Amino acid sequence: QVQLVESGGGLVQAGGSLRLSCAASGRTFSSYAMGWFRQAPGKEREFVAAITWSGTNTYHADSVKGRFTISRDNAKNTVYLQMNSLKPEDTGVYYCAGNWKGLGYQTAASYDYWGQGTQVTVSS
């Protein structure tokens, strides 16, 4: 079992930055690939970024490439999402999730555990 708790969300002006953190409980955190998803009001949950269990490989949605960076620290059981040059369309609830099989990174159904989410609001 892995429990995930996100933090770091908030209100920021367009062009600003935020760093989201996702703290995981459980000894098996380092065995999971991790991902970030987001959901805007009235829209489906969408993939943002993913990172393999070792941190060697990362994947980012086209909409955030060059602006967002996913990373992890297995010693701290934490995964991060550094978000720069934020835009109003980045507004939404951001969720971190754990993927045991390490497949289907861009598909929410491939993830086994989810956090409760943290709100990110970008004002224009």
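Residues numbered from 1 in each chain as written. Predicted model: local features only at pLDDT ≥ 70, side-chain atom pairs only at ≥ 80, totals over all residues. Heavy atoms only, no water.

Thoughts on the packing of aromatic side chains
What counts, and what does not: Aromatic pairs are defined between Phe, Tyr and Trp rings, using the six-membered ring for Trp, whenever the two ring centres lie within 6.5 Å; interplanar angles under 30 degrees are classed as stacked, those over 60 as edge-to-face, and all others as tilted. Whether a charge sits over a ring depends on NZ of Lys or CZ of Arg being within 6 Å of the ring centre and within 35 degrees of the ring normal.
A complete count under the given rule lists eight aromatic pairs for this structure. Site record: aromatic cluster; members linked through ring pairs are Phe37, Phe47, Tyr95, Tyr111 and Trp114. Sitting over the face of the ring of Trp114, Arg45 holds its NZ or CZ atom 4.8 Å from the ring centroid.

Re unusual backbone geometry
In terms of backbone geometry, most residues other than glycine have negative phi values and most peptide bonds are trans. To be explicit about the condition: Put simply, DSSP H or I for four residues or longer makes a helix, DSSP E for two residues or longer makes a strand, and each gets a number counted from the N terminus. Classification of residues uses two cut-offs on accessible area relative to the type maximum, computed with a 1.4 Å probe and protein chains only: under 20% is buried, over 50% is exposed, and between them is partly exposed.
With a phi angle near 55°, Asn77 is a residue other than glycine that sits in the positive phi range. In this structure, Ser85 is a non-glycine residue whose phi angle is positive, near 50°. Mapped onto the fold, Ser85 is located in the loop between strand S8 (78–83) and strand S9 (92–99). On the accessibility criterion, Ser85 (40% relative accessible area) is partly exposed.

Some remarks on the nonpolar core
Put simply, the rule is: Nine residue types can take part in a nonpolar core, namely buried Ala, Val, Leu, Ile, Met, Phe, Trp, Tyr and Cys, and a core is a set of them joined through side-chain atoms within 4.5 Å. The criterion used for residue contact is that any of the two residues' heavy atoms lie within 4.5 Å.
By size, the foremost hydrophobic cluster in this structure holds 33 residues, and its most contacted members are Trp36, Leu81, Met83 and Tyr94. Sorting the residues of this core by element identifies strand S3 (18–25), strand S4 (33–39), strand S5 (46–51), strand S7 (68–73), S8, S9 and strand S11 (118–123) as the ones contributing at least two each. Ignoring anything within four residues of it in the chain, the contact list for Tyr94 reads Glu6, Leu20, Trp36, Phe37, Arg38, Val48, Phe68, Leu81, Met83, Gly117, Thr118 and Val120.

A word on the state of the cysteines
This is how the line gets drawn: Cysteine sulfur atoms are paired as a disulfide whenever they fall within 2.5 Å.
If you walk through the whole model with that rule in mind, you get one disulfide. Between the sulfur atoms of Cys22 and its disulfide partner Cys96 the distance amounts to 1.9 Å. On the sign convention where negative is left-handed, the bridge of Cys22 and Cys96, at about 45° about the S-S bond, is right-handed. Of the two residues, Cys22 is situated in strand S3 and Cys96 in strand S9; the sequence distance between them amounts to 74 residues. You can call Cys22 buried: its relative accessible area is 0%.

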